Amino acid sequence: MNAPATTAASFKLPLGLVFAVLVMIGVLLLPLPADLPVAGHRMLAILAFAVVVWITEAVSYEASAIMITSLMAFLLGTAPSIQDPAHLIGTSPAISMALTGFSNPALALVAGALFIAAAMTHTGLDRRIALVTLSRVGTSTRRILLGAIAVTILLSLVVPSATARSACVVPIMMGVIAAFGVDKRSNIAAGIMIVVAQGTSIWNVGIQTAAAQNLLTVGFMDKMLGQRVSWIDWLIAGAPWALIMSAVLLFLVLKLLPPETDSIPGGKEAVAQSLVEIGPMTGPQKRLLSVSVLLLLAWATEGRLHSFDTTSTTYAGLVFLLLPGIGVMSWKDVQSRIPWGTVIVFGVGISLGTALLTTQAGQWLGSTVVAHTGLDQVGPLGVFAILGAFLILIHLGFASATALTSALLPILIAVLQTLPGDFSRLGMTMLLGFVMSYGFILPINAPQNMVCLGTGTFTARQFAKVGVLVTLIGYGLMLVFAATYWSWLGWV
């Protein structure tokens, strides 16, 4: 008797998806502004659909990417051409526009970065780096917290995936907590895990290859501004802020979650025991470490000692890592470790931003925002302060910085291009890219937060207690940097 009801329930659409469709239809039914092409109007409707689906998480990001691609194919395909309104764009050119992001070098760099992250996990080098780093610190709680930050910094340089880094560090730190013999819900345990999560987000700002949203930002720079910020210039701009915020994070955790005791024996011994268990460094680990160091050198010297871009040098490294008999992995070893959905979402995100520009929707929205907000009256520092605060607030509704960047950065770049005055549009885009990593307040705002929350060592309230102050201090520090250091570097 219950079978029909169960079957009917299985066809029930998620409310978030229904709402997204209704919002899209609502935008389509709005009167068409005289200075906005039909294709641009439809792209804004598709953008509204994407934002609602991403905020509500009504469907997976991968499924939403396929939906967005289909909507672009048919809604843009049946719209009048921008160049010749007497003819339709056609579904073939429209689907090509929807897939243009997959030919972007930034997408190739993301895929390459995921391969390196998979190689780190496959060989166990990430775990070895973390354990060796922790073995160098003492047994006091302050040193353990400092060690957690040090591990985060080192892994941010060589593991270009925030989720992969946290997934590696969390089990190690849980072992340290267990060795301390303290309760899993103690302040010590909570502090360690919050430092891992928040520290990962902080260093997403400092290192260009540390997070997918940074690479997406670089992709939009290429597409919309015709230039990009090199790896070393990003590091010079972002790392000082990240270093100061790492110290701030350590101070806040010690003050807000004071450890029950200052020194607990056992932690260092547990790390040393783990190092003994994994044995001496293997050949694949040595080769992977060598390639990683060479890649860091290549990224850092781009435009100074050579003209090879980050994507090209990364792929040269991948060739060595995949060479039979010499490399450290085969395709079969890594294919199951690569989150291919991330690659799909990334490609569609770039396509979405590019299409907003191609259909003139981005330019129209940028002009409208400037005309109705008075951004053109406040100067570059005021623009960064307002747009940065807006991104921090809107991020509370997003579970993915990549989705946030896909949805909003093209619009913000269009706003910057519309603004008058002599300031660096490229530099301002990088600074707004920094703010995309502000997932400090809610655990759901970043995947590394959720990985750490899953340990059961802290509550969402404890996380927010630290995160709100990290956000406020970090935002204030960015304004100080924008008025001084970043301005001296020529980025404002």
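None of these values were measured; they are calculated from a predicted model.

What is the right way to read the overall build of the protein from this model?
Counting secondary structure elements, the protein contains 24 helices and 0 strands. The globule rule puts the C-alpha radius of gyration for 492 residues at 23 Å, and the 23 Å found for the protein is close to it. Considered along the principal axes of its C-alpha atoms, the protein spans approximately 75 × 70 × 50 Å. A buried classification covers 55% of the 492 residues belonging to the protein. The contacts in the protein between residues at least 6 apart in sequence include a share of 77% that link residues at least 24 apart. If you sum the accessible surface of the protein, you get close to 19,700 Å²; carbon and sulfur atoms cover 68% of it. Positive and negative side-chain charges of the protein, numbering 22 and 17 respectively, have mean locations separated by a distance of 9 Å.

Would you explain the pattern of salt bridges in this entry?
Oppositely charged side chains can form a pair if their charged atoms are brought close together. For the structure on display, the rule yields 2 salt bridges. For Arg228, the salt bridge identified is with Glu302, shortest N-O distance 2.6 Å. With Arg228 in the loop between helix H11 (212-225) and helix H12 (231-256) and Glu302 in the loop between helix H14 (283-300) and helix H15 (310-322), this pair connects stretches of sequence that are 74 residues apart. The partly exposed category is assigned to Arg228, whose relative accessible area is 25%. For Glu302, a relative accessible area of 9% corresponds to the buried category. Arg304 is paired through a salt bridge with Asp233; the nearest N and O atoms lie 3.0 Å apart.

Looking at this structure, I do not really get the environment of Phe463. What am I missing?
As for its placement among the helices and strands, Phe463 is situated in helix H23 (residues 460-483). The class of Phe463 is buried, set by a relative accessible area of 0%. Residues Phe463 and His306, spaced 157 residues apart in sequence, show a C-alpha to C-alpha distance of 44 Å. The contact partners of Phe463, leaving out residues within four places of it in the chain, are Ile194, Ala197, Gln198, Gly439, Phe440, Ile441, Leu442, Pro443, Asn449 and Phe458.

Explanation requested: helix H10 (residues 187-206) in the structure shown.
Count 3.6 residues to each turn of an α-helix, and residues three or four apart come out pointing the same way. The terminal C-alpha atoms of H10, which comprises 20 residues, lie 28 Å apart, in line with the 28 Å expected from a rise of 1.5 Å per residue. In terms of residue burial, H10 counts as a mostly covered element, since 19 of its 20 residues are buried.

Is there a simple way to think about the packing of aromatic side chains in this case?
Where two aromatic rings form a pair, the distance of their centres and the angle of their planes describe that pair. Under the defined criterion, the tally for this structure stands at 12 aromatic pairs. Between the aromatic rings of Phe115 and Trp340, the centroid separation amounts to 6.2 Å while the plane-to-plane angle is 75°, which identifies the pairing as edge-to-face. With Phe115 in helix H6 (residues 105-123) and Trp340 in helix H17 (residues 340-358), this pair connects stretches of sequence that are 225 residues apart. For Phe115, a relative accessible area of 9% gives the class buried. For the pair Phe458 and Phe463, a centre-to-centre distance of 5.6 Å together with 20° between the ring planes defines the contact as stacked. Of the two residues, Phe458 and Phe463, neither departs from the other in class, the shared state being buried. Counting every residue linked through ring pairs, the aromatic cluster contains Trp234, Phe384, Phe434, Phe481, Tyr485 and Trp486.

Any chance you could explain the domain arrangement of the protein here in plain terms?
Often the size quoted for an interface is simply the accessible area lost on bringing the parts together. Structurally, the protein comprises domain 1 (16-103) and domain 2 (105-336). Each of domain 1 and domain 2 was reduced to a C-alpha centroid, and the two centroids are 37 Å apart.

Whenever I open this one, the nonpolar core confuses me. Can you help?
One broad rule of soluble globular proteins: the nonpolar side chains tend to lie buried together. In this structure, Trp54, Trp241 and Trp486 are the most contacted members of the largest nonpolar core, which totals 166 residues. Looking at this core element by element, the count peaks at 14 residues for H12. Looking at which domains feed residues into this core, each of domain 1 (16-103) and domain 2 (105-336) gives three or more. Residues within four places of Trp54 in sequence aside, it is in contact with Tyr61, Ser64, Ile68, Leu352, Phe398, Ala403, Ser406 and Ala407.

Help me understand the side chain of Ser166 in this model?
Considering the arrangement of structural elements, one finds Ser166 in helix H9 (residues 162-180). Looking at Ser166, the relative accessible area reads 0%, which means it is buried. Discounting residues that sit within four places of it in the chain, Ser166 has contacts with Pro171, Gln448 and Val451.

I keep staring at H17 and nothing clicks. Help me out?
Taking 1.5 Å per residue as the helical rise, H17 with its 19 residues ought to reach 27 Å, and the 27 Å between its terminal C-alpha atoms agrees with that figure. Where burial is concerned, most of H17 is hidden: 14 out of the 19 residues are buried. Looking one or two residues past H17, Gln360 carries a phi angle of roughly 70°, positive in sign.

Looking at this structure, I do not really get the packing of H11 against helix H21 (residues 425-435). What am I missing?
With their axes 10 Å apart at the nearest point, H11 and H21 run at an angle of 155° to one another. In this view, H11 runs roughly antiparallel relative to H21, as classed from their interaxial angle. Once H11 is placed against H21, the crossing between them reads as right-handed. For the pair formed by H11 and H21, the contact residues are Asn214, Thr217, Met221 and Leu225 on the first element and Arg425, Leu426, Thr429, Met430 and Gly433 on the second. Partitioning the contact of H11 with H21 into residue classes produces 4 nonpolar, 4 polar and 1 charged.

Hey, could you run me through a nonpolar patch on the surface in this one?
On the surface, Leu13, Val18, Val21, Leu22, Ile25 and Leu29 cluster together to form a nonpolar patch covering roughly 540 Å² of accessible area. One can find Leu29 in helix H2 (residues 15-29). Residue classification places Leu29 among the exposed residues on the basis of a relative accessible area of 69%.

Sorry, what's going on with the state of the cysteines here?
Here is the idea: a disulfide is a covalent bond, and it sits between the sulfur atoms of two cysteines. One pass over the structure, following the stated rule, counts 0 disulfides. Left without a disulfide partner, Cys168 is nearest to the cysteine sulfur of Cys452, which lies 12 Å away. Judged by relative accessible area, Cys452 falls into the buried class, the value being 0%.

Quick notes on the rules
Residues numbered from 1 in each chain as written. Predicted model: local features only at pLDDT ≥ 70, side-chain atom pairs only at ≥ 80, totals over all residues. Heavy atoms only, no water. Helix = DSSP H or I, 4+ residues; strand = E, 2+ residues; numbered from the N terminus. Rg over C-alpha atoms; globule rule 2.2 N^0.38 Å. Buried < 20%, exposed > 50% of the residue type's maximum accessible area, 1.4 Å probe, protein only. Contact = heavy atoms within 4.5 Å. Areas by Shrake-Rupley, 256 points an atom, 1.4 Å probe, with all protein chains shown as cover. Lys, Arg positive; Asp, Glu negative; His and termini not counted. Charge placed at Lys NZ, Arg CZ, Asp CG, Glu CD. Salt bridge = Lys/Arg side-chain N within 4 Å of Asp/Glu carboxyl O. Expected span 1.5 Å × (residues − 1). Phe/Tyr/Trp six-rings, centres within 6.5 Å; stacked < 30°, edge-to-face > 60°. Domains from an automatic or database assignment. Core = buried A, V, L, I, M, F, W, Y, C linked by side-chain atoms within 4.5 Å. Axes fitted to C-alpha atoms, helices over the stretch in contact; angles between N-to-C directions. Parallel < 35°, antiparallel > 145°, perpendicular 65-115°, else oblique. Left-handed = near helix turned anticlockwise from the far one by under 90°. Nonpolar A, V, L, I, M, F, W, Y, C, P; charged D, E, K, R; others polar. Patch = residues over 30% accessible without salt bridge, like charges linked within 9 Å, V, L, I, M, F, W, Y side chains within 5 Å. Disulfide = S-S within 2.5 Å.

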